[in-house]
Amino acid sequence: MSEPVPSITSAPESLAVDQARRTRSYLIQMSIRVVCIIGAVMVDGWVRWALVAAAVVLPYSAVLIANSGRDQVTHDTSPVTPQAAPALTELPEASSDVPNAPNTSSAPGTSGGGRVIDHVDD
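Values in this document were obtained by computation on a predicted structure and should not be read as measured data.

A. Region of interest: the overall build of the chain. Along the chain, the regular secondary structure elements total two helices and zero strands. Looking at the chain as a whole, 10% of its 122 residues qualify as buried. Here the analysis covers contacts within the chain between residues at least 6 apart in sequence; of these, 57% occur between residues at least 24 apart.

B. Fine view of a nonpolar patch on the surface. Together, Val34, Ile37, Ile38, Val41, Met42, Val43, Trp46 and Val47 make up a nonpolar patch on the protein surface, roughly 810 Å² of accessible area in all. Looking at the nonpolar patch, the elements with two or more residues in it are α1 (15-42) and α2 (46-66). Top element by residues in the nonpolar patch is α1. It accounts for five residues.

C. Up close: the packing of α1 against α2. Two elements in contact, α1 and α2, have axes separated by 8 Å at closest approach and are oriented at 165°. Relative to α2, α1 is oriented roughly antiparallel. Remark: the crossing between α1 and α2 carries left-handed chirality. Counting all contacts with α1, which are made through Arg22, Ser25, Tyr26, Gln29, Met30, Ile32, Arg33, Cys36, Ile37, Gly39, Ala40 and Val41, the residues of α2 involved are Arg48, Leu51, Val52, Ala54, Ala55, Leu58, Pro59, Ser61, Ala62, Val63, Ile65 and Ala66. Classifying every residue of the contact of α1 with α2 by side-chain character gives 17 nonpolar, four polar and three charged.

D. Inspection of the side chain of Gln29 at higher detail. In this fold, Gln29 is placed in helix α1. Among residues more than four places away in sequence, those in contact with Gln29 are Leu58, Ser61, Ala62 and Ile65.

E. Inspection of α2 at higher detail. Relative to the 30 Å expected for 21 residues at 1.5 Å per residue, α2 spans 30 Å between its end C-alpha atoms, a close match to the ideal helical length. In the structure, α2 departs most strongly from a straight axis at Leu58, where the bend amounts to approximately 30° and where the proline Pro59 lies between one and four residues downstream. Within the sequence span of α2, burial applies to Ala55, Leu58, Ala62 and Ala66. On the buried face of α2, the contacting elements are α1.

Reading the values: rules and limits
Residues numbered from 1 in each chain as written. Predicted model: local features only at pLDDT ≥ 70, side-chain atom pairs only at ≥ 80, totals over all residues. Heavy atoms only, no water. Helix = DSSP H or I, 4+ residues; strand = E, 2+ residues; numbered from the N terminus. Buried < 20%, exposed > 50% of the residue type's maximum accessible area, 1.4 Å probe, protein only. Contact = heavy atoms within 4.5 Å. Patch = residues over 30% accessible without salt bridge, like charges linked within 9 Å, V, L, I, M, F, W, Y side chains within 5 Å. Areas by Shrake-Rupley, 256 points an atom, 1.4 Å probe, with all protein chains shown as cover. Salt bridge = Lys/Arg side-chain N within 4 Å of Asp/Glu carboxyl O. Axes fitted to C-alpha atoms, helices over the stretch in contact; angles between N-to-C directions. Parallel < 35°, antiparallel > 145°, perpendicular 65-115°, else oblique. Left-handed = near helix turned anticlockwise from the far one by under 90°. Nonpolar A, V, L, I, M, F, W, Y, C, P; charged D, E, K, R; others polar. Expected span 1.5 Å × (residues − 1). Bend = angle between axes of the 7 residues up to and from the residue.

All quantities given are derived from atomic positions and should not be read as evidence of function.
So, in structure tokens, the structure goes:
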């Protein structure tokens, strides 16, 4: 027999596989019931009554197990929302030891004055 293939998805088993599993389970339990009925006719004493009790209880449990249906597994499907980065209000001062650093010490009112305008992306 071949080895089962591992699942890499959260998809449930197919309906045909589920129905086959439930049918097989029901038929096995009903076969045990037939054996209990035949055994109750052939034996005597307390074993007969135990087999009769099993033959009476098995249909109820077989129907419950067969109708239990597919496993209802729920997965978290909520979207991942990234956290917003904190907004910068001012640029850090340029150090003199960096040779190609831009000049941020311009006068107020001129372009490139070293301020970052608060902006929120939608």
